[in-house]
Amino acid sequence: MSQANPKSKSNRTSFVSVVISVSLVLFLLGLLGVFMITSQKLSEYVKENIAISIFINEDAPSAEVMHYKKSLDAKEFVRKTTFIDKDKAAEVLTEDLGEDFVGFLGYNPLHASIDVYLNADYLEADSVAQIEQELALSEIVKEVYYQKDLIALVNQNVQKISFFIIGFAVLLALISMVLINNNVRLSIYAKRMIIRTMQLVGATPGFITRPFLMNGLLQGLLGGVFACLLLSILLYYFAVNYTDLFVAKDLDMVVLLYVALILFGMFLCAITSFFAVRNYIKINPDKLY
Amino acid sequence: MNTIVDITQAEIKQNAISVLHDIQLKVFAGELLYLVGKTGSGKSSLLKTLYAEIKPKNIQGSVVDFDLQKLKTSEIPFLRRKLGIVFQDFQLLYDRSVYDNLLFALKASGWKDKKKIQQRILDVLNEVKLEEKGYVMPHRLSGGEQQRVAIARALLNDPELILADEPTGNLDPQTSEEIMRILFDICNAGKSVIIATHDLEILKKFPSRTLRCENGKLIEQVAP
């Protein structure tokens with residue numbers, strides 16, 4: 001049974017206005033979600049492109065070097081490795097310096113190296129130091145080098161940004177709860193006399209609450225679906241015009257975000273409906289007017 | 001004689017001020033009882049006590065076999081299903097037809113069988129002579145007709161007791177008489193009716209036992 005006559009224009013308007021408010025609030029939350037996913041991916045991208053360089057001894061046989069590279073590839077913390085031989089290293093440095101230093105010196109002083117790119121999770125100062133020790137154990141390794149300061153700086157900045165985003169997300173979630181709560185309460189306030197009539201004819205609190213709860217779930221569901229549609233339009237626009245946008249490529253995360261938004265909307269609308277109705281069930285009737 | 005209301009002791013307070021005290025009230029099956037008194041004398045508060053909207057701490061007695069002292073909040077809906085309540089301002093739902101108002105009340109009080117629901121609505125509309133108005137919206141009805149819908153709604157669960165709080169307060173004398181005649185007929189059919197009113201003309205035209213709320217007490221009023 002519907003607690004309010006669905007054919008009534010005012011009830012329809014009230015229902016639609018709650019759905020619109022919920023979808024706009026959820027859309028904002030979704031935008032923040034997209035921003036969070038993008039920054040997470042961006043920080044992973046930055047971390048995974050910092051290399052640890054392993055310089056190889058001059059006399060190391062190339063078969064052994066290749067075997068060592070393969071063993072590195074198999075390690076859990078390694079995302080990828082790149083082998084750079086002496087000649088390639090000289091070529092790169094010549095290009096960077098703009099001078100033929102090999103011709104000037106008469107020999108190539110550079111060593112062959114393996115650049116190791118770590119998985120983002122392992123790019124913490126402690127882990128990298130441990131990995132450095134592990135890498136240096138091999139006899140073919142002359143030196144292991146990485147920019148400690150850069151890793152510290154990246155981690156520090158990622159942490160700062162994460163704190164800011166989490167703080168902002170909590171604030172936005174609170175604001176969204178207040179806004180949705182106010183909208184739902186207002187729509188139930190408009191139906192307080194229906195609740196009163198139900199009580200006077202002998203309806204139980206459970207019977208009175210149930211339709212409001214179902215209504216809240218429906219409003220949350222519709223609000224969530226509309227918010228996801230708006231987000232999809234926005235993501236499509238970005239995916240077409242800014243092809244490097246990380247989140248547009250990460251469909252799993254987007255789907256997860258959509259499901260979370262819809263469930264959050266349904267939960268919030270249902271819970272606020274529940275408490276608002278309970279409030280009117282318990283209220284002193286004199287305060288209804 | 002079967003007792004429908006049997007209050008042996010009660011004190012009703014509002015905002016910590018005693019409105020009525022030493023209340024003793026007995027209403028028998030098929031009896032029509034008037035509650036009269038000035039505005040604020042406690043007529044409505046007494047009715048609210050009977051349908052458990054006000055729950056005085058020191059009350060002893062029962063209404064339609066529900067012990068008001070031991071009455072739990074969860075039992076109030078079941079008490080109200082055995083009562084019919086009529087208000088001065090009708091308290092109808094203006095976003096739906098007369099039929100839907102009654103349908104809503106029946107469903108809210110636990111009715112499920114569609115055929116029985118339909119039959120019951122037709123029966124009560126017939127009882128208040130509104131059989132032709134089922135699909136009319138309440139705002140299109142006159143005040144008297146709206147009050148008749150409210151009475152029809154009160155009759156839906158075949159209650160043992162009808163509580164009417166100033167049922168003619170918003171109506172002209174002729175319509176008031178029509179409403180009183182319906183309530184009188186309901187009473188003659190074996191149901192008890194308690195009417196809170198200050199309309200003395202009604203009392204003259206439809207005389208019955210009368211209690212006066214005066215100086216915080218409920219006093220039996222002797223017929224002139």
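Residues numbered from 1 in each chain as written. Chains lettered and ligands numbered in written order. Predicted model: local features only at pLDDT ≥ 70, side-chain atom pairs only at ≥ 80, totals over all residues. Heavy atoms only, no water.

**Some thoughts on the interface of chain B and chain A**
Put simply, the rule is: In this description, contact between two residues means that some pair of their heavy atoms is separated by no more than 4.5 Å. Buried area is a sum: the accessible area each of two parts loses on coming together, probed at 1.4 Å, counted once for each and added. Salt bridge, as used here: a side-chain nitrogen of Lys or Arg that lies within 4 Å of a carboxyl oxygen of Asp or Glu. Definition of a polar contact: a pair of N or O atoms within 3.5 Å, with one able to donate and the other able to accept a hydrogen when the atoms are protein atoms, and with sequence-neighbouring residues admitted only if both atoms are side-chain atoms. In DSSP terms, a helix is any run of H or I states spanning at least four residues, a strand is any run of E spanning at least two, and both are numbered starting from the N terminus.
Contacts between chain B and chain A engage 20 residues on the former and 21 residues on the latter. Taken together, both faces of the contact between chain B and chain A bury some 1700 Å²; the carbon and sulfur share is 57%. Per-residue buried area on chain B facing chain A is highest for Gln91(B), Asp95(B) and Phe104(B); these three make up 29% of the total on that side. Connecting chain B to chain A are 1 salt bridge. Taking the shortest distance from any N to any O, the salt bridge between Glu53(B) and Arg196(A) comes out at 2.5 Å. Taken together, chain B and chain A are joined by 3 residue pairs in polar contact (both at pLDDT 80 or more). For the side of chain B that touches chain A, the secondary structure elements donating two or more residues are α2 (76–80), β8 (83–87) and α3 (98–108) of chain B.

**Examining helix α1 (residues 43–50) of chain B**
Residues and elements named next belong to chain B. In plain terms, the rule: A 1.4 Å probe rolled over the protein chains alone gives each residue an accessible area, and that area as a share of the maximum for its type sets the label: buried under 20%, exposed over 50%, partly exposed in between.
Of all 8 residues making up α1, 7 are buried, and the element is well covered by its neighbours. Listing the buried residues of α1 in full gives Lys 43, Ser 45, Leu 46, Leu 47, Lys 48, Thr 49 and Leu 50. Remark: Ala 52 follows α1 within two positions and exhibits a positive phi of approximately 65°.

**Topic: a nonpolar patch on the surface**
All names here are of chain A. For clarity, the threshold we go by: For patch building, the residue pool is restricted to those with more than 30% relative accessible area and no salt bridge; the joining distance is 9 Å between like charges and 5 Å between nonpolar side chains (Val, Leu, Ile, Met, Phe, Trp, Tyr). The Shrake-Rupley method, run with a 1.4 Å probe sphere, supplies the accessible areas, and residue values consider only the shown protein chains as cover.
Taken together, the side chains of Val 16, Ile 20, Leu 24, Leu 230 and Ile 233 define a hydrophobic patch exposed on the protein surface, amounting to about 450 Å² of accessible area. Put simply, the parts of the chain that give the nonpolar patch at least two residues each are α1 (9–48) and α8 (205–241). If you tally residues by element for the nonpolar patch, the top one is α1, at 3 residues. Structurally, Ile 233 is set in helix α8. We classify Ile 233 as exposed; its relative accessible area is 59%.

**Comments concerning the sheet that holds strand β1 (residues 3–9) of chain B**
Residues and elements named next belong to chain B. Selection rule: Whether two strands pair comes down to DSSP finding at least two bridges between them.
Taken in spatial order, the 4 strands make up an open sheet running β4-β1-β6-β7, and their pairing is antiparallel. Each having just a single partner strand, β4 (25–28) and β7 (66–67) make up the two edges of the open sheet. As paired strands, β1 and strand β6 (residues 60–63) are joined by 4 bridges and run antiparallel to one another. When the sheet's bridge partners are listed, Gln 9 is paired in β6 with Gln 60.

**Re the pattern of salt bridges**
Counted by the stated rule, this structure contains 16 salt bridges over all chains. Put simply, Glu134(A) and Lys75(A) hold a salt bridge, and the shortest N to O gap is 3.3 Å. Here Glu134(A) is found in helix α5 (residues 125–136), whereas its partner Lys75(A) is found in the loop between α2 (62–73) and β2 (78–84), with 59 residues between them in sequence. Owing to a relative accessible area of 37%, Glu134(A) belongs among the partly exposed residues under this scheme. Looking at Lys75(A), the relative accessible area reads 29%, which means it is partly exposed. The salt bridge partner of Arg96(B) is Asp95(B), with a shortest N-O separation of 3.0 Å. The residues Arg96(B) and Asp95(B) share a single accessibility class, namely buried. Taken together, the shared-partner salt bridges connect Glu31(B), Arg209(B) and Glu220(B) into one network.

**Remarks on the domain arrangement of chain A**
In plain terms, the rule: Domain start and stop points were drawn from an automatic or database domain assignment.
Split into domains, chain A comes out as domain 1 (9–44 + 165–288) and domain 2 (51–146). Distance from the C-alpha centre of domain 1 of chain A to the C-alpha centre of domain 2 of chain A: 53 Å.

**Topic: the layout of surface pockets**
To keep it simple, the criterion reads: Here a cavity is any set of points on a 1 Å grid over the protein atoms alone where a 1.4 Å probe fits but cannot get out, and a pocket is any open set with protein on both sides within 12 Å along at least 5 of 7 lines; a residue lines the site when it has an atom within 4 Å of a point. Grid points are joined across faces, edges and corners, and a volume is the space filled by probe spheres set on the points.
Each pocket or cavity is described by its volume, and for the largest pocket that value is around 830 Å³. In terms of lining residues, the largest pocket is bounded by 33 residues, among which Ile283(A), Pro285(A), Ala52(B), Glu53(B) and Ile54(B) are the most central. Residue assignment for the lining of the largest pocket shows that the elements contributing at least two residues are α7 (192–200), α8 and α10 (251–282) of chain A together with β2 (12–14) and α2 of chain B. Here the element with the most residues in the lining of the largest pocket is α10(A); it accounts for 4 residues.

**Notes on the packing of aromatic side chains**
Residue and element names in this part refer to chain A. The cut-off we apply is this: The aromatic pairing rule takes the rings of Phe, Tyr and Trp, using the six-membered ring of Trp, and pairs them if the centres are within 6.5 Å, calling planes under 30 degrees apart stacked, those over 60 edge-to-face and the rest tilted.
Applying the stated criterion to the full structure yields 8 aromatic pairs over all chains. Ring geometry for Phe 164 against Phe 168: centres 6.2 Å apart, planes inclined by 5°, an arrangement best described as stacked. Of this pair, Phe 164 and Phe 168 both sit in helix α6 (residues 148–189), 4 residues apart, which is roughly one turn of that helix. Ring geometry for Tyr 189 versus Tyr 280: centroids 6.3 Å apart, planes at 50°, classification tilted.

**Here's the deal with the sheet that holds strand β12 (residues 217–221) of chain B**
Residues and elements named next belong to chain B. What counts is decided by this rule: Only the contacting stretch of a helix is used when fitting its axis, a line to C-alpha atoms as for every element, and angles between N-to-C directions run 0 to 180 degrees.
A sheet is described by the order of its strands in space; here 6 strands give the open sequence β8-β9-β10-β5-β11-β12, paired in mixed fashion. Here the strands that pair on one side only, and so sit at the sheet edges, are β8 and β12. Between one strand axis and the next, the sheet turns through 20° on average, direction left out of account. In terms of strand pairing, strand β5 (residues 32–37) meets strand β10 (residues 192–196) through 4 bridges, oriented parallel. Bridge assignment links Leu 33 to a residue of β10, and that residue is Ile 194. In the packing of helix α5 (residues 143–155) onto the sheet, contacts are made with β8 and β9 (161–165), and the angle to β8 comes to roughly 165°. Lying over the sheet, helix α6 (residues 173–188) contacts β5, β9 and β10, oriented at roughly 150° with respect to β10.

**Description of empty space enclosed by the protein**
Here is the rule: Under the scheme applied, nonpolar residues are Ala, Val, Leu, Ile, Met, Phe, Trp, Tyr, Cys and Pro; charged residues are Asp, Glu, Lys and Arg; polar residues are all the others, including Gly.
In the structure shown here, the tally under the stated rule is 3 cavities of 30 Å³ or more. Considering only enclosed or pocket space, the largest cavity measures out at about 140 Å³ in volume. Along the walls of the largest cavity sit 15 residues, with Leu200(A), Val201(A), Ile85(B), Arg153(B) and Ala154(B) positioned nearest its centre. Tallying contributions element by element places β8(B) first for the lining of the largest cavity, with 4 residues. For the lining of the largest cavity, a count of residues per class yields 9 nonpolar, 4 polar and 2 charged.

**Some points on the nonpolar core**
As a reminder, the rule being used: By convention a nonpolar core is built from buried Ala, Val, Leu, Ile, Met, Phe, Trp, Tyr and Cys residues, the set being connected through side-chain atoms within 4.5 Å.
By size, the foremost hydrophobic cluster in this structure holds 80 residues, and its most contacted members are Ile151(B) and Leu183(B). By residue number, the principal contributor to this core is α10(A), which donates 11 residues. With near-sequence residues (within four places) excluded, Leu183(B) lies in contact with Leu32(B), Ile151(B), Ile162(B), Ala164(B), Pro167(B), Val193(B) and Ile195(B). Residues Ile12(B), Leu25(B), Ile59(B) and Cys213(B) belong to the second largest nonpolar core, which totals 36 residues.

**Quick notes on the domain arrangement of chain B**
Residue and element names in this part refer to chain B. Here chain B is described as being made up of domain 1 (1–82 + 159–224) and domain 2 (91–157). Facing 12 residues of domain 1, the contacting portion of domain 2 comprises 13 residues. Together domain 1 and domain 2 conceal approximately 1000 Å² of surface at their shared face, both sides included; 70% is due to carbon and sulfur atoms. Among the residues of domain 1 in contact with domain 2, Arg 81, Pro 159 and Ile 182 are the three that bury the most area, contributing 46% of the side total. Remark: the boundary between domain 1 and domain 2 carries 0 salt bridges. There are 2 residue pairs in polar contact (both at pLDDT 80 or more) connecting domain 1 and domain 2. The leading source of residues in the side of domain 1 that touches domain 2 is α6, at 6 residues. A per-class count over the side of domain 1 that touches domain 2 returns 8 nonpolar, 1 polar and 3 charged.

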